[in-house]
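Understanding the architecture of this molecule
Listed below are the residues making up each chain.
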Amino acid sequence: MTAMMPKVIDAHVRLGAGREVSLETAALLGAMDELGIEHAVIAPGERCTVLDEPAGNTATTTAAGESAGRLRAWAVANPWRGRDALVELARAAELGAVGLAVDPQLQGFDLHDGLLDPLLELADDRDWPVYVRGGVAAAPLTLALLAARYPDVPFLLGGARHPADVVAAMRHAPNLSADTTSSAVLDAVAADPDLANARLVFTSDSPYRVAGAELARVREWAGDDPSRAGVLGANLDALLPAPTSTPADLT
Amino acid sequence: MIDFHTRASGVLPEASELLAAMDAAGIEAVVVQSVHSSKSTDGQKGNDELAAFVMTDRSRMVGLGTVHLGGSGAVDDTRWAVNELGLAGLWLDPARQGTTMHDPMLGAVCETLAECGGILLVHDAVPATSPGQVAELARRFPQLRVVLGCCGGPDGWREALAAAAVTDNVHLCVNGLPAYAARHVVEAAAPGRVVVGSGLPVTDSAGVAAALAAVDDWGIDSSLRENLLVHNPRALLWGSAG
């Protein structure tokens, strides 16, 4: 008898053409079928994240609406746009977006300069999680200081390295989760069951990384089965708003 | 005025010469870090030389030594630097000393430093060593006074402010920030938490004086200026803002 496989949700995929890599919806869905990934949360491509958020949000929410529930969409709006960013996020929400994705490196802002705060307040109002792409402009403990100011907003730190920093950041901010894109982070967080059981989230980070390899690493991770099931899907499920009727469902 | 961030560089001057230059510039005291080196043997030598130098007048020359975290004697060296050499604490520059804020020896050093009543000044320059990392360490040792020696630098000062806002034992040393950022830090930080430093070799008396004089161009009010240059560093060094 085959053991029941846990549901797999990929927390962050970028659709569209980037500078060096690109991914289209059909290819994503094909890869998900092949790998046994049931759902994915998709974000607009690099250019749209910075310069043309409406086009990006329309593309991702349309793809989500046509996916029979397999895809859900992160909304993007460059914080430099001020009030216009809030208007765009509200529009994306109407189209079915389920969270806010920000990229301080690409969008060119400082997590502590105040530009992002109005967007976080909107996320708080809408019960949205916030995905933050980690890196030089968003180090783990830098983000933790911000996350602690918004205790009701779930933050997901993507692509973080430096495992000791990630663990310290998660301890400082109880509303901060981390993704699985670093083996070292996966191992370090997994060593602390309080963190690993609810606050590690599988992300393929396609098309930047190889989804199959990312998934295999989590499947082969030494954690127990309930923890693995959480990492592969249940932990993210708990962060996302409950699925509702999408525009595609209504047609 | 007190310069909280100077350093030994090469041969230290005659103490009497430095004191005369400080008198001429209206500088009450300087905090001097021992010679910068990543070599373990030079760290202790630098501490000894610095201690001999500041001993001339410890009310006006305050020494910060350093230890080599990779060495087995880091804890003993910390205790020796404060209790025997009379240094006020330690400085740490992880990037230049070939270590990180997660060095396993750092916790034991901080514990010892806190026991001895010393100060820890960390060269926090984003991205090599972030204010958030230093604040995380400070929260583990709430009795230890920790100074962000570069206040995050030009790209990390906002993070330094955020870190200090939630970490009571973190102090900010404005050093090398552009004026707009320095002004913002001084005006936004909690009372008593900001000091200023030139970041220059202590032998550069003219440069030190000019760096402190530049505070007058920041556009802060006179009471904040007084706190920054006089009362806050006094309180941090000697427990009295008088």
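Residues numbered from 1 in each chain as written. Chains lettered and ligands numbered in written order. Predicted model: local features only at pLDDT ≥ 70, side-chain atom pairs only at ≥ 80, totals over all residues.

On a plain count of helices and strands, chain A comes out with 13 helices and 10 strands. Relative to the 2.2 N^0.38 estimate, which gives 18 Å for 251 residues, the radius of gyration of chain A is 17 Å and therefore close to what a compact globule would have. Split into buried and exposed, the 251 residues of chain A put 53% on the buried side. In chain A, once contacts between residues fewer than 6 apart in sequence are set aside, the share between residues at least 24 apart is 68%. (Helix = DSSP H or I, 4+ residues; strand = E, 2+ residues; numbered from the N terminus. Rg over C-alpha atoms; globule rule 2.2 N^0.38 Å. Buried ≥ 20, exposed ≤ 12 C-beta atoms within 10 Å, placed from the backbone. Contact = placed C-beta atoms within 7 Å.)

We now examine the overall build of chain B. The number of helices and strands found in chain B is 10 helices and 9 strands. Here the C-alpha radius of gyration of chain B, 16 Å, is about what a compact globule of 242 residues would show, namely 18 Å. For chain B, the spread of C-alpha atoms along the three principal axes comes to 50 × 40 × 30 Å. With 242 residues in all, chain B has 54% of them scored as buried. For chain B, long-range pairs separated by at least 24 residues make up 73% of all intrachain contacts whose partners lie at least 6 apart in sequence.

So, on to the packing of helix H7 (residues 140–147) of chain A against helix H8 (residues 163–172) of chain A. Residue and element names in this part refer to chain A. Viewed as axis vectors pointing N to C, H7 and H8 meet at an angle of 5°, and their least axial separation amounts to 8 Å. It follows from the interaxial angle that H7 and H8 lie roughly parallel. Residue-level contacts link Pro 140, Leu 141, Leu 143 and Ala 144 of H7 to Asp 165, Val 166, Ala 168, Ala 169 and His 172 of H8. Residue composition of the contact of H7 with H8, by class: 7 nonpolar, 1 polar and 1 charged. (Axes fitted to C-alpha atoms, helices over the stretch in contact; angles between N-to-C directions. Parallel < 35°, antiparallel > 145°, perpendicular 65-115°, else oblique. Nonpolar A, V, L, I, M, F, W, Y, C, P; charged D, E, K, R; others polar.)

A separate point is the nonpolar core. Grouped together as the largest cluster of nonpolar side chains are 162 residues, with contacts concentrated most on Ile 42, Trp 74 and Leu 143 of chain A together with Leu 120 and Val 185 of chain B. The residues contacting Val 185 of chain B, other than those within four sequence positions of it, are Cys 151, Trp 157, Leu 161, Leu 172, Val 174, Leu 177 and Val 194 of chain B. (Core = buried A, V, L, I, M, F, W, Y, C linked by C-beta atoms within 7 Å.)

Residues of chain B with pLDDT of at least 70 account for 95%, and the chain-wide mean is 91. Both scores are given for the predicted complex: the pTM is 0.87, the ipTM 0.79. (pLDDT = per-residue confidence, 0-100.)

Moving on to the interface of chain B and chain A. Across the boundary between the two partners, chain B contributes 11 residues, which contact 14 residues of chain A. For the side of chain B that touches chain A, the secondary-structure elements that each account for two or more residues are helix H6 (131–140) and helix H7 (157–165) of chain B.

Residues and elements named next belong to chain A. With parallel pairing, 8 strands are arranged side by side in an open sheet as S1-S4-S5-S6-S7-S8-S9-S10. What marks the edges here is a single partner per strand, and that holds for strand S1 (9–14) and strand S10 (200–201). Direction of pairing for strand S5 (residues 71–75) relative to strand S6 (residues 99–102): parallel, over a ladder of 2 bridges. Each bridged residue has a counterpart across the sheet, and for Ala 75 the counterpart in S6 is Leu 100. (Pairing = 2+ DSSP bridges.)

Turning our eyes to something else, we now look at the sheet that holds strand S6 (residues 145–148) of chain B. All names here are of chain B. Overall, parallel pairing links the 9 strands, which are arranged S8-S7-S6-S5-S4-S3-S2-S1-S9 in an open sheet. Among the strands making up the open sheet, the edge pair consists of strand S8 (194–196) and strand S9 (200–201). Two elements, strand S4 (residues 89–92) and strand S5 (residues 119–122), share 4 bridges in a ladder whose sense is parallel. Residue pairing for S5: Gly 89 is matched across the bridge by Ile 119.

Side-chain positions along a regular strand alternate between the two faces of the sheet. Residue and element names in this part refer to chain A. Counting buried residues in S1 gives 6 out of 6 residues, a clear majority hidden from the surface. Summarising the sheet, S1 and strand S4 (residues 39–43) pair through 4 bridges and their orientation is parallel. By the bridge assignment, Ile 9 is partnered in S4 with His 39.

What follows is about H6 of chain B. The buried count for H6 of chain B comes to 8 of 10 residues, which makes it a mostly enclosed element. Of all the positions in H6 of chain B, only Pro 131, Gly 132, Gln 133, Val 134, Ala 135, Glu 136, Leu 137 and Ala 138 of chain B are classed as buried.

The next point concerns the pairing of strand S8 (residues 155–158) of chain A. Residue and element names in this part refer to chain A. Going residue by residue along S8, you find Phe 155 and Leu 157 tucked away on one face and Leu 156 and Gly 158 tucked away on the opposite face as well. Alignment of strand S7 (residues 130–133) against S8, held across 4 bridges, turns out to be parallel. Paired with Tyr 131 across the two strands is Leu 156, which belongs to S8. Taken together, S7, H7 and S8 form a β-α-β motif whose crossover is right-handed. Strand direction decides the pairing type here: S8 and strand S9 (residues 176–179), joined by 3 bridges, are parallel. Bridge assignment links Phe 155 to a residue of S9, and that residue is Leu 176. (Right-handed = clockwise from strand over helix to strand, strands pointing away.)

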